[in-house]
Amino acid sequence: MSDVQLDPRVPAGPIQEKWDQHKFDMKLVAPHNRRRFKVIVVGTGLAGGAAAATLGELGYDVHAFTFHDSPRRAHSIAAQGGINAAKNYKGDGDSIYRLFYDTVKGGDFRAREANVYRLAQVSVDIIDQCVAQGVPFAREYGGLLDNRSFGGSQVSRTFYARGQTGQQLLLGAYQALAQQIGKGAVTTHPRTEMLDVVVKDGRAVGIVTRNLHTGAIESHSAHAVVLATGGYGNVFYLSTNAKACNVTAAWRAHKKGALFANPCFTQIHPTCIPASDDFQSKLTLMSESLRNDGRVWIPEKMDDTRAPADIPEAERDYLLERRYPAFGNLVPRDIASRAIKLEVDAGRGVGPLKNGVYLDFGASVDRLGGDVIRARYDNLFEMYERITDENPYGQPMRIYPAVHYTMGGLWVDYELQTNVPGLFCAGEANFSDHGANRLGASALMQGLSDGYFVLPYTVPNYLAPLLGEAVVPTDDRAFVEAERSVRQQTERFLSIGGTKTVDHFHRELGRIMWDNCGMARSEASLEKAISEIPALEEEFWKDLRVLGSAEDLNQGLEKAGRVADFFELGLLMCKDALHREESCGGHFRLEHQTEEGEARRNDDDFAYAAAWGWTGKGQEPALHKEPLEFEHVHLAQRSYK
Amino acid sequence: MDEEDPVAATQQDLSSAPTPVVNGRTKRRSRWPLEFYRSGIGKKWVMAVSGVMLLGYVLFHMLGNLKVYFGAEDLNHYGEWLRELLVPFFPRTVTLWLLRIGLTAAFFLHIHAAYSLTRMNRRATPERYAGGRDYVAANFASRSMRWTGIIVGLYVLFHLADLTWGTANPGYVRGDTYNNLVNSFERWPVAIIYIVANLALGIHIFHGTWSLFQSLGLNNPRFNEWRTTFARGFAALVTVGNLTFPVSVLAGVIEEEPRVREQVQCETGVAPPDLDCAAFEDVEG
Amino acid sequence: MSKTLNLTLKVWRQARAASPGALEIYDVRDISEDMSFLEMLDILNDRLSGEGKEPIAFEHDCREGICGSCGMMINGQAHGPQRGTATCQLHMRKFADGDTIVVEPWRAAAFPVVKDLVVNRSSLDRIVEAGGYITVSAGAAPEANLTPVPKDASDAAFDAAACIGCGACVAACPNSAGQLFTAAKLMHLNLLPQGQPERWQRAENMVDTMEEYFGSCTNHGECEEACPKSISIDYIALMNKDYIKAKRKNRKLSGQR
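Residues numbered from 1 in each chain as written. Chains lettered and ligands numbered in written order. Predicted model: local features only at pLDDT ≥ 70, side-chain atom pairs only at ≥ 80, totals over all residues.

Account for the nonpolar core, naming residues and giving values.
Residues and elements named next belong to chain A. Membership of the largest hydrophobic core comes to 338 residues, with the highest contact counts inside it found for V39, V41, V226, L227 and L410. Sort the elements by how many residues they give to this core and helix α17 (residues 555-579) lands first, with 12 residues. Sequence-distant contacts of V226, that is, excluding residues within four places in its chain, are made with V39, I40, V41, V42, G48, A51, F424, A426, L455 and V459. (Core = buried A, V, L, I, M, F, W, Y, C linked by C-beta atoms within 7 Å. Buried ≥ 20, exposed ≤ 12 C-beta atoms within 10 Å, placed from the backbone. Helix = DSSP H or I, 4+ residues; strand = E, 2+ residues; numbered from the N terminus. Contact = placed C-beta atoms within 7 Å.)

Below is the structure:
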């Protein structure tokens, strides 16, 4: 594995010109030849859906795979808050450069500058594209687009569609994809889960899938494979991710040679509804936008049992405003989450389980009037009431941080290609643009940037030299072997015949991860997890019970495969977290903090992306470092005070 | 309905979950009215337009018949006026016949559209809920349209046989609208059939009147909230108006007028031999 | 803490598309009021697995009421008794101790059962593929603020665009009509300035495709009540209007669609 080439292939030249110059330098495929190239896109969220639609529109023979029943159900749909773009419509000093700067800084200096600059650059095109597609962004009475500010930024650059921005953007991408499907340019494979990448002579040449309705294991060959399969937050069991979100596609690619970068960078979102009991199946996010008008506080006194309204102003601790006067309630997510956790850990939480803090709209209602607050957040307030049976117009919300996003993912170069030629990775599944912490409203931007504006240029650059080459036939040994191993794993799950359900193991794994590799990590906790995970995994393979057959819809079987991969990933996350002797962004090591409890980065030793190579089951993973250079955004300790 | 197997015919999609075809392709190209009528929305449009014609008919039918309260001569005169509509532009009864043809066409189109929409709906709903349904918005009127429609349709045939053709009315005299009506409603069973049919009609036109706004796409925030009120008022007006007739006859408010009958018989030349028609000769001036 | 409930569930079990199904009875005990309906099913499934019985298959994903995966007929109402709420957001506090709850899959010819409570809703995708888009290739879009959109139009479009594609409207309709879904998808685009060039073609194609799979609208209004996003049947009227116009316009004004 030491021969892995870790070349980010960042083009030369001034940062402002890199992408334009590179677009010119990349090879092209003439329109009449495009149909001769087959491209597989796995995942139909913002990144995958947009990439499949655009590549189909360009004329490539695109095959889009999703395990959902429709491309429109990908988890991008649940994003609430908004999407950033450097349009500067508000005239408050925004620019491409400022968006780039904020994103690198917000990522705590662990992202690749050139990628982030490109992201900021195409952000403006994304808005144009989406508006033209009919995405109903919020508008002012004059008919022009409205913006709001979002956590971690001092300008209003966030475009939004009520509290359903992700849904509306995904529907835009889905509609574009549907058009191509209707025209026959894209073939969809719904209810089809990718279970392996096929690599031949060092190149990705196809995938192996399982049809979730019939259980059929099938091979699909192609000239290039794009993975846009989302993040792996569900390794913690409880997260704001959809229940089916998983790491399987990326992980199986990893086991076929693709490097997995910065797995320990996970984002904990500060504003989620606290868990109500042990049966909780998932956590629900309350949009970050709520922090624009909501104030976070806890009672000053310990064990204050009074109703929140009865606690006078003087006896409330507005903890974020106290700690961070400049940004107040709008500090970035990692900072807010940690501040809240510190207070709850100290026993100062509120609610029946004392596992939350208040998010109070009282002051905003007084200042702006109830109607304004209703217009801004009504759907979120309703959702909160449905879940908790508490009316946030009458009493403050209770919130607590929850796992939300994973910045780590498959290592990719500037062209979003992994170290396996022909294998691309986009959206949350890759590691590229957010460093150690993602700013609010940046995930949608990255997904669409990758899908609409990057892959449609870089995939052809890979394909062009392959003109005339046929795809590898699916009866090739590489496919046959991949199919066999997939089939073996499926049979193995069904034959264990133990006593415990997949969910049991998943919950246990989640507990280990959250307790030891969650919001705060230490050498001791990580060592503990590293010893506990393999033990649990061993039990999994001995005592798992999956009922039913492999020949029809079997949700237990699907979950088993995903949880099996979470074990291996969880272990790697802990190893990555243990090796990174610093605190940065979503990675907080107790050993590395300032006296005030803030994160302390170690730029001398860790200003790199850690890309791990799979060396075999039970073997130590191989670490490859991509040094990060900061020419434009100067390394500095983040301060939001 | 058995000829279509919804799962067997699948579209040309390579997906793992083929889409069942239920109603078959409708996209045959032909002249637009036909093609339009072939679609479900087109049929609903036709139902709404023919419904408006029939609603107009039942309203004016009821209003015209109110003249029964002014006496036999007024009602019969109204009947004669209908026959003389647009004379001399059209010869006598031509306008009435044009209206009748229009209404008959609307009646049959309404029924045909309802029939084929029902078939379409049956194809789309092969299986009922084993645990039953708990309707939230659908009311008795909307769910019973088929049955109230059939009741009204059958009743219309009887009503024609009774009061237009006279075949179901032993004492029928052509032209004597007033006494035909009284004679008919004096029979208890006929009155009851009439009442039941008119209640069905009321229920039918309540939903129909609301529904036609939707089907025609007449939708505007300015009047949307009035649609139900209008439908309720319209249905109530027609139903109450119609129900007064048999009730009044049975209650004796409206009574037979034999003199008028005899006069009509004399004028139309169907007087029985023992009737002395001379007495009526100078009545009409 | 919160109250707990003991319930009797009657759940539709069907092994595969072709096999017959039936309601099976399960008792569930000590269900917390704060649990969601799906979490209650999770608990039942856990228990079934423990007993060596196959768990109940049902679709779910985001559990935040936005992805549209979940959906089942609960006591004869699509998504259960709470208005404007998807099954995953329905909480057990809406039920009373001792209740019997009947749970069935969506039923429509266009939604064949795959297994238990899972149905195939791909017909909805076919409708969107027929015209539910605005043609704009990536990079060809004009500057976003070039076309102001009146806030009212934008809001009306949004109310339609909120559709999550769950299929409850079809399931709730006594005719299995797909009108509310199609109207929402169609009018979202037809109400926006950006959607005008393809407006009449879109109306015709989407409605014609819809009618290949679904029944007709009898204006019951059940769909609006079942819709987890409370989308108004006013959009059905607007769709009818556009379709009626389109049928003429597409013939007459091929240059001015």
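That covers the picture; the talk isn't over yet.
Help me get a handle on the environment of E631(A), residues and values and all.
All names here are of chain A. Looking at the element boundaries, E631 is found in the segment after β19 (622-627). The class of E631 is exposed, set by 9 C-beta atoms lying within 10 Å. C-alpha of E631 to C-alpha of E113: the two residues are 518 residues apart in sequence and 8.1 Å apart in space.

Could you give an account of the domain arrangement of chain A, with specific residues and numbers?
Residues and elements named next belong to chain A. Per the domain assignment, the segments making up chain A are domain 1 (269-404) and domain 2 (477-607). Inter-centroid distance (C-alpha atoms) of domain 1 to domain 2 is 30 Å. Each side of the interface is counted separately: domain 1 has 6 residues, and domain 2 has 5 residues. The element that contributes the greatest number of residues to the side of domain 1 that touches domain 2 is helix α10 (residues 333-345), accounting for 5 residues. (Domains from an automatic or database assignment.)

How would you sum up the packing of helix α5 (residues 113-133) of chain A against helix α13 (residues 443-463) of chain A? Please name residues and give values.
All names here are of chain A. Remark: α5 packs on α13, axes separated minimally by 9 Å, with the N-to-C direction vectors making an angle of 80 degrees. With respect to α13, the element α5 is oriented roughly perpendicular. Touching L119, V122, S123, D125, I126 and Q129 of α5 are M445, Q446, L448, S449, Y452 and F453, all from α13. (Axes fitted to C-alpha atoms, helices over the stretch in contact; angles between N-to-C directions. Parallel < 35°, antiparallel > 145°, perpendicular 65-115°, else oblique.)

I'd love a proper account of the pairing of strand β15 (residues 397-406) of chain A, names of residues and values included.
All names here are of chain A. Extensive coverage of β15 is indicated by the burial of 10 of its 10 residues. Summarising the sheet, strand β11 (residues 266-272) and β15 pair through 5 bridges and their orientation is antiparallel. Note on β15: the bridge partner recorded for T266 is T406. (Pairing = 2+ DSSP bridges.)

Quick rundown of the sheet that holds strand β7 (residues 203-211) of chain A? Include the residues and the values.
Residues and elements named next belong to chain A. Read from one edge to the other, the open sheet built from 3 strands follows the order β6-β7-β8, with strand pairing classed as antiparallel. Looking at the sheet topology across the chains shown, the edges are occupied by β6 (192-200) and β8 (217-221). Across this sheet, the average inter-strand angle for adjacent strands is 25 degrees, counted without regard to direction. Pairing geometry for β6 and β7, over 8 bridges, is antiparallel. Bridge pairing links V198 to G206 in β7.

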